[in-house]
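# A structural walkthrough
The primary structure of each chain is shown beneath.
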Amino acid sequence: MPGTKFDTKHRTTIRNLRIREDTAKYLYNLDPESAHYDPKTRSMRDNPFKNNPRDDILYRGENFVRHSGDVKDMAKQQMFAWEAKERNLDVHLLADPTKMELLYSDFKEKKEGFKQDVKEGILEKYGGEEHLEAPPRELLLAQTENYVEYSRTGQLIKGQEKAVAKSKYEEDVYSSNHMSVWGSYWESGLWGYSCCHSLIKMSYCTGDAGKIAAKSRAAQMKRVLEEKQKSLVELHQERNKDKKKKKKKKSKQQDREDEEENK
């Protein structure tokens, strides 16, 4: 329990009693899917009025009290006292709060100093300090509080004009003899170059010849898809037609051979 020494051999419990004039916790919200009430410990940790936006709620759950004010700092100090007890350092949060506060503040300063020393050592060994500097606020948020006023024609009347945010990537630079950037053309779920309709990134530009080849490729793919979309019945009928044509050819050849023999 916070504020006391932790000992696993001796466990103590304190009854969570209430004044009989107060409303019981389980009567605040009768919805069975609301906050869980534990009858053994008489505790309700969650807020039974989660969906209520009002500020004058009488009860917000026990977790609200545990995570407000100086409760977090007190819990951290209690954890520090337990860890110090394991290292044979006699310190108590309630019996000697001044000593506890001084030791804990000294511990935090040493911890922050240790982190800073480790950070400086890593930067000194591997470098890269320039990457830790944050870019200007204009580039991060793309907005400022500077007042700028324009006329109806778009001319600047009052204030300083906003600077154009520049990208870290090179602009208006075309690779492999292309006249457009990658992603300026789209076809069948694939991106490409609009100058040659090439769908392969970093490929060499072929110009109008590439567009013609792309059209022929699209037509060929369309034919293949149409053939694939034929039903089994249609395929069976086509096979039967081919077999009949072959039989007719064979019968004609046999008739010709018989006529030649008869002559």
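The shown structure was predicted, so the numbers you read here are calculated from the model rather than taken from an experiment. (Residues numbered from 1 in each chain as written. Predicted model: local features only at pLDDT ≥ 70, side-chain atom pairs only at ≥ 80, totals over all residues. Heavy atoms only, no water.)

### So, a negative patch on the surface
A contiguous patch of negative charge on the surface is contributed by Asp117, Glu120, Glu124, Glu129, Glu130 and Glu133. Tracing the backbone through its elements, the reader meets Glu129 in the loop between α3 (97-126) and α4 (137-141). (Patch = residues over 30% accessible without salt bridge, like charges linked within 9 Å, V, L, I, M, F, W, Y side chains within 5 Å. Areas by Shrake-Rupley, 256 points an atom, 1.4 Å probe, with all protein chains shown as cover. Salt bridge = Lys/Arg side-chain N within 4 Å of Asp/Glu carboxyl O. Lys, Arg positive; Asp, Glu negative; His and termini not counted. Charge placed at Lys NZ, Arg CZ, Asp CG, Glu CD. Helix = DSSP H or I, 4+ residues; strand = E, 2+ residues; numbered from the N terminus.)

### Details of the side chain of Ser198
You can see Ser198 is positioned in the loop between β4 (190-192) and α5 (207-228). Taking the relative accessible area as the measure of exposure, Ser198 reaches 15% and is therefore buried. One polar contact links Ser198 to Ser203, side chain to side chain, over a distance of 2.9 Å. Non-local contacts of Ser198, meaning those with residues more than four positions away in its chain, are made with Trp182, Trp191, Gly192, Tyr193 and Ser203. (Buried < 20%, exposed > 50% of the residue type's maximum accessible area, 1.4 Å probe, protein only. Polar contact = N/O pair within 3.5 Å; in protein donor to acceptor, adjacent residues only side chain to side chain. Contact = heavy atoms within 4.5 Å.)

### Description of the packing of helix α2 (residues 71-86) against α3
Across the interface, α2 lies against α3 with an axial gap of 11 Å and an inter-helix angle of 90 degrees. In terms of axis orientation, α2 runs roughly perpendicular to α3. Here Lys76, Gln77, Phe80 and Ala81 of α2 come into contact with α3, specifically with Met100, Glu101, Leu103, Tyr104 and Phe107. The residue inventory of the contact of α2 with α3, partitioned by class, reads six nonpolar, one polar and two charged. (Axes fitted to C-alpha atoms, helices over the stretch in contact; angles between N-to-C directions. Parallel < 35°, antiparallel > 145°, perpendicular 65-115°, else oblique. Nonpolar A, V, L, I, M, F, W, Y, C, P; charged D, E, K, R; others polar.)

### Quick look at the pattern of salt bridges
For the structure on display, the rule yields two salt bridges. Residues Lys25 and Glu62 are paired through a salt bridge, measuring 2.7 Å at the closest nitrogen-oxygen approach. Taken together, the positions of Lys25 in the segment before α1 (62-66) and Glu62 in helix α1 put the pair 37 residues apart, joining distant regions of the chain. With a shortest N-O distance of 3.8 Å, Asp106 and Lys110 are connected by a salt bridge. Placement of both Asp106 and Lys110 in helix α3 is noted, with a separation of four residues, approximately one turn of the helix. By relative accessible area, Asp106 is classed as partly exposed at 33%. Note on Lys110: relative accessible area 57%, which makes it exposed.

### Details of a positive patch on the surface
On the surface, Arg239, Lys241, Lys243, Lys244, Lys245, Lys246, Lys247, Lys248, Lys249, Lys250, Lys252 and Arg256 cluster together into a positively charged patch. By the element assignment, Lys249 lies in helix α6 (residues 232-262).

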